[in-house]
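# Understanding the architecture of this molecule
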Amino acid sequence: MKNCLILVCILFSDFSFGQSTTQQSLYWIRYYNQTQFNSKYTLHIELDERRLINPDRQFQLFVHAHLHRRFSKWIDAAAGFTFAGTNATKNPQLIVPELRPFQEINVSQQIIKKLQLQFRYRLDERFIRNYDKLELQDGYGFFVRHRFRIQCNVEIKKFENDRAIILKLSEEIMFNQGNGVSRTFDQNRVYLGGELQWNNKWATELGYLNLFQSSGEVDFFTRDVIRLTVYHRLSLLAKE
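To start, this report covers the structure provided alongside it. No experiment lies behind these values; they were computed from the predicted model shown.

### Thoughts on the nonpolar core
Among soluble globular proteins, nonpolar side chains are generally buried collectively. Membership of the largest hydrophobic core is limited to eight residues, which are L26, W28, L52, F59, Y191, L209, L211 and V225. The set of elements that each furnish at least two residues to this core consists of β1 (21-36) and β10 (202-214). Those residues in contact with V225, other than ones at most four positions away along the chain, are L26, W28, G207, Y208 and L209.

### Some details on the packing of aromatic side chains
Within this structure, the stated rule accounts for five aromatic pairs. Residues Y32 and Y231 carry aromatic rings whose centres are separated by 5.5 Å and whose planes lie at 40° to one another, so their mutual orientation is tilted. With Y32 in strand β1 and Y231 in strand β11 (residues 220-235), the pair connects residues that are 199 residues apart, well separated along the chain. By relative accessible area, which is 10% here, Y32 ends up buried. With a centroid separation of 4.6 Å and an interplanar angle of 35°, the aromatic rings of F127 and F142 are classed as tilted. One end of the pair, F127, is in strand β6 (residues 115-131); the other, F142, is in strand β7 (residues 136-158), with 15 residues separating them in the sequence. Through a chain of ring-to-ring contacts, three or more aromatic side chains come together here, namely F185, F212 and F220. Here the basic side chain of R50 rests over the ring of W28, its NZ or CZ set 3.8 Å away from the ring centre.

### Some words on the environment of G85
Position of G85 among the secondary structure elements: in strand β4 (residues 75-86). Along the backbone, G85 and Q58 are 27 residues apart, and their C-alpha atoms lie at a distance of 9.8 Å.

### Digging into unusual backbone geometry
A cis amide bond links N54 to the next residue, P55, at an omega of 0°. Although it is not a glycine, D162 sits at a positive phi angle of roughly 65°. Relative to the helices and strands, D162 is located in the loop between β7 and β8 (164-177).

The rules behind each value
Here the residue numbering is sequential within each chain, running from 1 through the sequence in written order. The predicted nature of this model means local features are confined to residues of pLDDT at least 70 and side-chain atom pairs, given and counted, to a pLDDT of 80 or more, with totals for whole chains, interfaces and linings taken over all residues. Where side-chain values are given, they derive from all heavy atoms of the structure, hydrogens and water being excluded. To qualify as a nonpolar core, a set must consist of buried Ala, Val, Leu, Ile, Met, Phe, Trp, Tyr and Cys residues joined through side-chain atoms within 4.5 Å. Remark: exposure states derive from per-residue accessible area (1.4 Å probe, protein chains only) relative to the maximum for the residue type, with buried under 20%, exposed over 50%, and partly exposed in between. In this description a helix means any DSSP run of H or I spanning at least four residues, a strand means any run of E spanning at least two, and both kinds are numbered starting from the N terminus. We call two residues contacting when some pair of their heavy atoms lies within 4.5 Å. To pair, rings of Phe, Tyr and Trp, with the six-membered ring standing in for Trp, must have centres within 6.5 Å; the planes then decide the type, stacked if under 30 degrees apart, edge-to-face if over 60, and tilted in the middle. Placement of a positive charge over a ring is assigned whenever Lys NZ or Arg CZ falls within 6 Å of the ring centre and within 35 degrees of the normal to the ring plane.

Shown next, in the form of structure tokens:
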């Protein structure tokens, strides 16, 4: 984690020197459902509403669906699809759609009893509708994005009846690749949050996300995000 943070600081110093940066404040509200079919397969469905704080309006809407296949206690892989709509142009009525198949691999390691380290690599294939800032145009642009995330989960407190408090700290960096990509660096996300597990089905998480992102509109965006997540975990495994 320390080496990764140093690398990001170096990258930021190279990217941001002499460049303009625009700050935005947002809040994200997410419903995250996980349905376990058996010991190997789990379906994840996410509904993610992302809004600007000032003015209060929708910025993005995401729908993610991904099927995970577990290969061992510590490794799983997934394939999924995302539909996204973004309202970030000069025309407040213009929603720019994106179609995004993706694949990922997740590796976890229990460092000590209450500390878990997770690594995720995700490959996004992004099809973004062409537009001229005022209206949609025919066709889609295409490029791929590589995403690397490292996360620490620390169990702060364990209660009876499957209740627990989990502290989460993560960092994710993303790079673009493809014809027409003006910048390889896409964005970096640093997140700190706490999850309260109410029982084995429901949990809530509240956290702060700092997002540093390159842009075609300005050089960079710095976004301060408050994110609220409601987790709903279901299991179709036969009761013993």
